[in-house]
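Listed here are the chains, written in short residue letters.
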Amino acid sequence: GASGVEVAELVRRLADIAQGCTQSLGGKYGRMLSSSLLAIGLCESQNRNDKIALWRVDPTGQFWQLDASAVGRGAINVEAELLQLVKNWLLKQTQNSDVAIATNEESTSQRDQDLSLDVTNHDVKAYLCSLSVEEAVEVAIDCLV
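Thresholds applied
Residues numbered from 1 in each chain as written. Predicted model: local features only at pLDDT ≥ 70, side-chain atom pairs only at ≥ 80, totals over all residues. Heavy atoms only, no water. Phe/Tyr/Trp six-rings, centres within 6.5 Å; stacked < 30°, edge-to-face > 60°. Buried < 20%, exposed > 50% of the residue type's maximum accessible area, 1.4 Å probe, protein only. Helix = DSSP H or I, 4+ residues; strand = E, 2+ residues; numbered from the N terminus. Polar contact = N/O pair within 3.5 Å; in protein donor to acceptor, adjacent residues only side chain to side chain. Contact = heavy atoms within 4.5 Å. Pairing = 2+ DSSP bridges. Axes fitted to C-alpha atoms, helices over the stretch in contact; angles between N-to-C directions. Salt bridge = Lys/Arg side-chain N within 4 Å of Asp/Glu carboxyl O. Core = buried A, V, L, I, M, F, W, Y, C linked by side-chain atoms within 4.5 Å.

With reference to specific residues and values, describe the packing of aromatic side chains.
Applying the stated criterion to the full structure yields 2 aromatic pairs. Ring plane angle 40° and centroid distance 6.1 Å describe the contact between W55 and F63, whose orientation is recorded as tilted. Note on W55: relative accessible area 12%, which makes it buried. The exposure class of F63 is partly exposed, given its relative accessible area of 28%.

Here it is as structure tokens:
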């Protein structure tokens, strides 16, 4: 990163501290942490095309790299809103790519079936990559409000 510390290494160190807190309450780092952390930084790995990396560190010391995440109060609502946006986008993609002519009843049945499908990480990433900067900011604001 800009300070000479890789974001992955910084996240690993933070996770070690968080995990250490679970081993000895009142020890060197005080009491156990009670919130997750999101870390954002430049990724300098040669095997990733992304320039920005998002990492999540949980209070247990577990950490992993993500494409999108929410933490804190209301995180479930934010994730539900994002998943609904992705489902709507997938439905639109499916409708645009369908060349078969369907009756209204078949179309409605297919639409209901599509909305019940699970959204994969790949779907979320594809949706986020399809957004312009302005659209991404709008989505972030919509999910937070």
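More follows now that the structure is in view.
Got a sec to walk through the side chain of S36? Specific residues and values, please.
Along the chain, the position of S36 falls in the loop between α1 (7-23) and β1 (37-42). Engagement of the side chain of S36 in a polar contact is seen with the side chain of R56, the distance being 3.4 Å. In this structure, S36 is in contact with R56, V57, D58, P59 and V71, ignoring residues within four places of it in sequence.

Which residues make up the sheet that holds β1, and what values go with them?
Ordered in space as β1-β2-β3, the 3 strands form an open sheet in which the pairing is antiparallel. The two strands at the open ends of the sheet, each matched to only one other strand, are β1 and β3 (63-66). Within the sheet, the average angular offset between the axes of one strand and its neighbour, ignoring direction, is 30°. Inspection of the sheet shows strand β2 (residues 52-57) paired to β3 by 4 bridges, in the antiparallel sense. Within the sheet, the bridge partner assigned to L54 lies in β3 and is L66.

Which residues make up the pattern of salt bridges, and what values go with them?
Inspection of the entire model under this criterion finds 4 salt bridges. The shortest N-O distance in the salt bridge between E9 and R12 comes to 3.4 Å. Of this pair, E9 and R12 both sit in helix α1, separated by 3 residues, roughly a single helical turn. When the shortest N-O distance is used, the salt bridge between E9 and R13 registers 3.3 Å. Pair noted here: E9 and R13 are both in helix α1, with a separation of 4 residues, about one helical turn.

Tell me about the nonpolar core, and name the residues and values.
Membership of the largest hydrophobic core is limited to 11 residues, which are A70, A75, V78, L82, V86, W89, V124, Y127, L131, V139 and C143. Of all the elements in the fold, those that place two or more residues in this core are α2 (75-97), α4 (121-130) and α5 (133-144). Setting aside anything within four residues of it in sequence, one finds V78 in contact with A70, C143 and L144. Core analysis: the second largest hydrophobic core is formed by 8 residues, V7, A39, W55 and V57 among them.

Account for the side chain of D58, naming residues and giving values.
Note that D58 resides in the loop between β2 and β3. Among the residues examined, D58 registers a relative accessible area of 14% and is labelled buried. Side-chain polar atoms of D58 contact the side chain of S36, separated by 2.6 Å. Beyond its immediate sequence surroundings of up to four residues, D58 is in contact with A18, S36 and W64.

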